[in-house]
Every structure is written in structure tokens, then in C-alpha cells.
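Observations on the three-dimensional arrangement
The lines below spell out each chain.
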Amino acid sequence: MKMAALSMVLVLMFGACGSDEGQVETVRTDEVDMAAGQVFDPSGAQVQVGDTVTFVNTSKEAHTVTAYGSELPAGAPYFASGGATSESEAREDLTGGLIREGESYSFTFTETGTYRYFCIPHEGAGMKGTIVVEE
Ligand SMILES: [Cu+2]
């Protein structure tokens, strides 16, 4: 009986830290901070379709919220701070999308699926995030 309980715990532990590429650890929240250290916090957020996610810059640096255009769920509109309508447009107009200290950007997700996004100036530093929109 004790052994069975122990294996159960091990299975749960391995399940939780599975390194599947498509596996994203998400937190149920509609607020994502652009935090010190050039990170989105939480990097994985989960909301329901129709929810508005607000990205708040709690750091001293300016950031962008820029969707990876090629990874949008089918039928989902493109989103980026500054209002660019494509990833290339956002990349070309970097300053237009900047969110400064204390400012925020909100987007309402009307299609279910997994959205990956990044911060243009800090993409190389790994400042990326995922929004999972559930039914
Ligand atoms: Cu950034």
C-alpha cells in the first residue's frame, strides 16, 4: 500500500515536469506583468474565450507585446501593442509598440487556442510568453 502511494507520487512528479515541447505551464489569470529581468510573469497564462488580458509593465524598461503571426490559432486576429496588424509590421515599427513603465496593453481573445508572443527588444533574451484561450 505504501509502495503504491509512492509510485503514484512519482508519476505525478514526472508528469508535472514533462519537457514536451508543446507543453506549457499556465496560470489562470487575466493579468500578465512585464517584470524586471525581461520576463512576462506568468509566462504562461490561461483565460477563457472572450476574456481581456491586460499586460502591465511593472519594470523600468520599455517592452512590447507582439504575437508570433505564423503561430496564431486558425481564424484568430493578429495582436500587438501599438496596433500593428502583422508581425513584420510590428517589427518594422518597434517604437510604435513600446509600453513604458507603468503603462499597459490589453487584448480581448475571441478565438480559442494557444497564442505565442514576445517582446521585440528582448526577444533574444528570451522574453516570450504564451496565452492559452479555452472555451
Ligand atoms: Cu521586453
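Residues numbered from 1 in each chain as written. Predicted model: local features only at pLDDT ≥ 70, side-chain atom pairs only at ≥ 80, totals over all residues. Heavy atoms only, no water.

**Let's talk about the coordination of the copper ion**
The protein atoms donating to the copper ion are His-63 (ND1), Cys-119 (SG), His-122 (ND1) and Met-127 (SD), with metal-donor distances spanning 1.9 to 2.5 Å. With 4 donor atoms in place around the copper ion and angles of 92 to 130° between them, the coordination shape is tetrahedral. Along the chain, the residues donating to the copper ion are arranged with the sequence spacing H-x55-C-x2-H-x4-M. Overall, His-122 belongs to the buried group, its relative accessible area being 9%. On the basis of relative accessible area, Met-127 is assigned to the buried category, the value being 0%. (Donors = N, O, S within 2.8 Å, 3.2 Å for Na, K, Ca; no water. Tetrahedral: all angles 85-135°; square planar, octahedral: opposite > 155°, others 65-115°. Buried < 20%, exposed > 50% of the residue type's maximum accessible area, 1.4 Å probe, protein only.)

**Some remarks on the pattern of salt bridges**
Taken as a whole and assessed by the stated rule, the structure comprises 5 salt bridges. Measuring nitrogen to oxygen at the nearest pair gives 2.9 Å for the salt bridge that ties Glu-87 to Arg-91. Placement of both Glu-87 and Arg-91 in helix α2 (residues 87-92) is noted, with a separation of 4 residues, approximately one turn of the helix. Using a relative accessible area of 19% as the deciding quantity, one classes Glu-87 as buried. On the basis of relative accessibility, which here comes to 35%, the residue Arg-91 falls in the partly exposed class. The structure contains a network of salt bridges with shared partners spanning Glu-87, Arg-91 and Glu-123. (Salt bridge = Lys/Arg side-chain N within 4 Å of Asp/Glu carboxyl O. Helix = DSSP H or I, 4+ residues; strand = E, 2+ residues; numbered from the N terminus.)

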